[in-house]
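Listed below, chain by chain, are the residues.
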Amino acid sequence: MSALLQVENIEVYYGAIKALKGVSFEVNKGEIVSLIGANGAGKTTVLHTITGLLHSKNGKIIYDGKDITKTPAHKIVSMGMAHVPERRRIFQQLTVLENIKMGAYTRKDKKEIEESLEAVYKSFPRLKEREKQIAGTLSGGEQQMLAMGRALMSKPEIILMDEPSMGLSPLLVSEIFEIIKTINENGTTVLLVEQNAKKALSIADRAYVLETGNVVLSGNGSDLLNDESVKKAYLSE
Amino acid sequence: MNFLSFLISGVSLGGIYALIALGYTMVYGIAKMLNFAHGDVIMIGGYMAYTLCSTMGMNPMIGVIGSVAVCTLLGVTIERFAYKPLRTAAPLAVLITAIGVSYLLQNLALLIFGSAAKSFTSVVSIKGISLFDGELVVSGETLVTIVVSVVIMIALTLFVNKTKPGRAMRAVSEDKGAAQLMGVNVNATIALTFAIGSALAAVAGLLLCSSYPSLSPYTGAMPGIKAFTAAVFGGIGSIPGAMIGGILLGIIENLSKGYISTELSDAIVFSILIIILLVKPTGILGKKISEKV
């Protein structure tokens with residue numbers, strides 16, 4: 001079986017600095033795959049390279065059988081890949097509803113978009129209550145929900161999430177991770193990047209550990225949770 | 001009655017400034033650059049209408065359409081060849097390029113049309129109105145300018161706030177990367193912004209030359225600077241700001257011409273700008289830039 005998303009040996013530079021030194025991993029259809037690692041390990045760079053905001057000097061990214069290594073960022077979402085970026089990056093000056101509609105930018109069928117909107121509102125009732133509000137006035141948790149709802153509006157096959165727990169209270173973090181599980185159970189493949197390694201490993205089918213631009217370890221989520229070196233470095237035990 | 005007359009012609013002049021200022025502010029909002037060649041697009045629009053109507057003797061309406069079409073194309077072309085290659089360059093490089101494009105356009109006009117000012121035939125054929133037993137006369141140009149600029153401003157506001165491409169423009173101006181992730185083609189959106197801005201500049205140019213019928217290669221320079229001032233005045237990047245800034249600037253300019261001194265009017269306008277910026281550096285409707293960590 002070939003993977004839904006296959007990243008092969010990507011190398012990314014920021015000027016002269018090599019941020020990714022040949023990263024490879026794969027995500028199979030239906031999985032939750034977590035990418036964990038410390039600050040600066042290159043996790044966000046990996047996601048940005050997959051969705052075309054950054055470009056790899058070498059290597060390949062294959063999605064759904066197609067080589068997307070050189071595909072421009074704005075063409076990725078209509079291929080079925082949504083990206084919830086780090087720090088959420090919702091459009092602060094647009095209303096909540098306008099943000100959600102931006103998620104369906106590449107879709108044409110008005111009726112289907114309306115159905116997706118209903119589904120998003122069902123998963124995030126708070127967004128419906130605040131649909132006319134300017135998005136920048138939402139709380140951190142609500143902004144994260146908006147960013148996720150916005151991504152779901154493209155009806156993605158796979159969703160890439162970058163640090164969804166960042167800056168949220170423990171209670172909200174648990175809520176967000178429950179939502180990620182639900183999104184996955186509804187049939188969307190998830191590639192999750194997290195500093196909160198414990199949470200990320202506990203919901204992941206498989207996971208990769210990234211250290212200064214290299215994948216140093218991979219395995220099942222539960223195996224890595226019990227791995228001594230992971231425990232020591234990332235789970236502060 | 002004088003006051004009313006100054007006020008009305010001030011609103012009219014301000015409408016022209018507002019149309020030009022919109023181009024500055026929209027381009028700044030989306031491409032984060034000051035397009036100093038914007039004023040010269042006005043001049044090219046004027047010459048285009050002059051060539052079509054006065055030289056070739058065509059209907060003024062064809063002059064208007066031709067002029068808007070050429071300026072739209074010109075704006076997109078300038079962006080494509082002069083600014084797009086510098087998308088990731090230092091802001092100063094882009095600014096110098098814009099000044100270079102401005103000189104290029106002025107000198108092209110100088111080469112083709114010569115330095116002598118041409119007398120522009122108004123594209124407005126509506127007669128003026130006379131009110132209060134002839135004490136207040138409003139010219140057809142003034143009336144048309146006010147109506148056209150108000151209609152355009154309403155249409156633009158609706159476009160930006162209520163349509164899908166308008167929403168995409170606002171998204172791009174806030175966060176290009178996130179907009180790309182939504183599937184927005186950022187380059188196409190920037191090109192669209194230049195097209196709209198340049199079309200507005202063409203309309204402004206025709207209205208300006210109809211009211212002040214002298215056309216030279218430097219016709220666009222001063223209104224360009226003043227409209228830029230108006231955009232800063234209203235808060236650069238803000239569309240309603242450019243509208244308010246433009247109209248206020250026109251009114252202030254005309255009232256100072258009427259009551260204080262024609263020679264000093266520009267000095268007064270710019271002094272007021274300096275005072276406003278000292279009190280409120282972001283302009284009237286400028287957004288406070290806050291960094292959320």
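Residues numbered from 1 in each chain as written. Chains lettered and ligands numbered in written order. Predicted model: local features only at pLDDT ≥ 70, side-chain atom pairs only at ≥ 80, totals over all residues. Heavy atoms only, no water.

So, on to the nonpolar core. Grouped together as the largest cluster of nonpolar side chains are 78 residues, with contacts concentrated most on Leu 22, Tyr 83 and Leu 105 of chain B. Considering each element in turn, this core owes the most residues, 13 residues, to helix H8 (residues 186-211) of chain B. When neighbours within four sequence positions are excluded, Leu 105 of chain B is seen to be in contact with Ala 37, Asp 40, Val 41, Met 43, Ile 44, Leu 74 and Ile 78 of chain B. One finds Ile 32, Val 96, Met 161 and Ile 176 of chain A within the second-largest nonpolar core, a separate group that totals 46 residues. (Core = buried A, V, L, I, M, F, W, Y, C linked by side-chain atoms within 4.5 Å. Buried < 20%, exposed > 50% of the residue type's maximum accessible area, 1.4 Å probe, protein only. Helix = DSSP H or I, 4+ residues; strand = E, 2+ residues; numbered from the N terminus. Contact = heavy atoms within 4.5 Å.)

Let's shift gears to the domain arrangement of chain A. All names here are of chain A. Segmenting chain A into domains produces domain 1 (1-80 + 156-237) and domain 2 (89-155). Spacing between the C-alpha centres of domain 1 and domain 2 amounts to 23 Å. Counting the surface lost from both domain 1 and domain 2, the interface buries some 1100 Å², and carbon and sulfur atoms represent 77% of this. Sorting the residues of domain 1 by area buried against domain 2 places Val 77, Pro 156 and Ile 179 first, and these three jointly supply 37% of that buried surface. Our enumeration of links across domain 1 and domain 2 arrives at 0 salt bridges. Elements supplying a minimum of two residues to the side of domain 1 that touches domain 2: strand S7 (158-162) and helix H6 (170-185). In terms of residue count, the dominant contributor to the side of domain 1 that touches domain 2 is H6 (6 residues). A class-by-class count of the residues in the side of domain 1 that touches domain 2 yields 11 nonpolar, 2 polar and 3 charged. (Domains from an automatic or database assignment. Buried area = accessible area lost by both parts, 1.4 Å probe. Salt bridge = Lys/Arg side-chain N within 4 Å of Asp/Glu carboxyl O. Nonpolar A, V, L, I, M, F, W, Y, C, P; charged D, E, K, R; others polar.)

Here we take up the side chain of Ser 67 of chain B. Residues and elements named next belong to chain B. Relative to the helices and strands, Ser 67 resides in helix H3 (residues 60-83). Of the residues examined, Ser 67 reaches a relative accessible area of 0% and is grouped as buried. The residues contacting Ser 67, other than those within four sequence positions of it, are Gly 45, Met 48, Ala 49, Ala 202 and Leu 206.

Take the environment of Asn 59 of chain B next. All names here are of chain B. You can see Asn 59 is positioned in the loop between helix H2 (38-55) and H3. Residue classification places Asn 59 among the partly exposed residues on the basis of a relative accessible area of 44%. C-alpha of Asn 59 to C-alpha of Val 94: the two residues are 35 residues apart in sequence and 39 Å apart in space. There is a polar contact of 2.7 Å between the side chain of Asn 59 and the backbone nitrogen of Met 61. (Polar contact = N/O pair within 3.5 Å; in protein donor to acceptor, adjacent residues only side chain to side chain.)

Each partner contributes residues to the interface: chain A has 25 residues there, and chain B has 19 residues. Interface of chain A and chain B: buried area, both sides summed, is about 2100 Å²; carbon and sulfur atoms make up 59% of it. In terms of surface lost to chain B, no three residues of chain A exceed His 74, Phe 91 and Tyr 105 of chain A, which account for 31% of the buried area on that side. The interface formed by chain A and chain B includes 2 salt bridges. Of the charged contacts in the structure, one is a salt bridge between Arg 89 of chain A and Asp 175 of chain B, with a shortest N-O distance of 2.8 Å. Put simply, chain A and chain B have 6 residue pairs in polar contact (both at pLDDT 80 or more) between them. Sorting the residues of the side of chain A that touches chain B by element identifies helix H2 (96-103) and helix H5 (140-152) of chain A as the ones contributing at least two each. Sort the elements by how many residues they give to the side of chain A that touches chain B and H2 of chain A lands first, with 4 residues. Of the residues that constitute the side of chain A that touches chain B, the class distribution is 11 nonpolar, 9 polar and 5 charged.

Residue and element names in this part refer to chain A. Here 4 strands make up an open sheet; going across it, the order is S2-S1-S4-S5 and the pairing antiparallel. Both outer strands of the open sheet, strand S2 (17-27) and strand S5 (66-67), are each paired with one neighbouring strand and no more. Sheet analysis places strand S4 (residues 58-63) next to S5, joined by 2 bridges and oriented antiparallel. Opposite Tyr 63, over in S5, you have Lys 66 as the bridge partner. In the packing of helix H1 (residues 43-50) onto the sheet, contacts are made with strand S1 (5-14), S2 and S4, and the angle to S2 comes to roughly 70°. (Pairing = 2+ DSSP bridges. Axes fitted to C-alpha atoms, helices over the stretch in contact; angles between N-to-C directions.)

Before going further, it helps to examine a nonpolar patch on the surface. Taken together, Leu 4, Ile 129, Leu 131 and Phe 132 of chain B make up a surface patch of nonpolar side chains, about 320 Å² in accessible area. Along the polypeptide, Leu 4 of chain B turns up in helix H1 (residues 2-31). (Patch = residues over 30% accessible without salt bridge, like charges linked within 9 Å, V, L, I, M, F, W, Y side chains within 5 Å. Areas by Shrake-Rupley, 256 points an atom, 1.4 Å probe, with all protein chains shown as cover.)

Bringing the packing of H3 of chain B against H8 of chain B into the picture now. Residue and element names in this part refer to chain B. One can describe the packing of H3 onto H8 by two numbers: an axis separation of 8 Å at closest approach and a directional angle of 140°. The orientation of H3 relative to H8 falls into the category oblique. Note that H3 runs across H8; the crossing there is right-handed. Counted together, Val 64, Ser 67, Val 68, Cys 71, Thr 72, Gly 75, Val 76, Glu 79 and Tyr 83 of H3 and Ile 190, Ala 191, Phe 194, Ala 195, Ser 198, Ala 199, Ala 202, Val 203 and Leu 206 of H8 form the full contact between these two elements. (Parallel < 35°, antiparallel > 145°, perpendicular 65-115°, else oblique. Left-handed = near helix turned anticlockwise from the far one by under 90°.)

Before going further, it helps to spend a moment on the pattern of salt bridges. Tallied over the full model, the rule gives 17 salt bridges over all chains. A salt bridge links Arg 170 of chain B to Glu 98 of chain A; the nearest nitrogen and oxygen atoms lie 2.7 Å apart. Highlighted residues: Arg 170 of chain B in helix H6 (residues 164-174) and Glu 98 of chain A in helix H2, drawn from two different chains. You can call Arg 170 of chain B buried: its relative accessible area is 17%. The network of salt bridges with common partners includes Lys 226, Glu 253, Lys 257 and Asp 266 of chain B.

Another aspect to go through is the packing of aromatic side chains. For the structure on display, the rule yields 7 aromatic pairs over all chains. Relative to Tyr 208 of chain A, the ring of Phe 25 of chain A lies with its centre 5.4 Å away and its plane at 55°, an arrangement referred to as tilted. Here the residue Phe 25 of chain A occupies a position in strand S2, and Tyr 208 of chain A occupies one in strand S9 (residues 206-211), the gap between them amounting to 183 residues. Under the relative-accessibility criterion, Phe 25 of chain A is labelled buried at 4%. Overall, Tyr 208 of chain A belongs to the buried group, its relative accessible area being 8%. Taken together, the ring pairs in this structure connect Tyr 24, Phe 36 and Phe 228 of chain B into an aromatic cluster. Over the aromatic face of Tyr 13 of chain A sits the side chain of Lys 57 of chain A, whose NZ or CZ is 4.7 Å from the ring centroid. In this arrangement the basic side chain of Arg 80 of chain B is found over the ring face of Phe 81 of chain B, its NZ or CZ atom lying 5.3 Å from the centre. (Phe/Tyr/Trp six-rings, centres within 6.5 Å; stacked < 30°, edge-to-face > 60°. Lys NZ or Arg CZ within 6 Å of the ring centre and 35° of its normal.)

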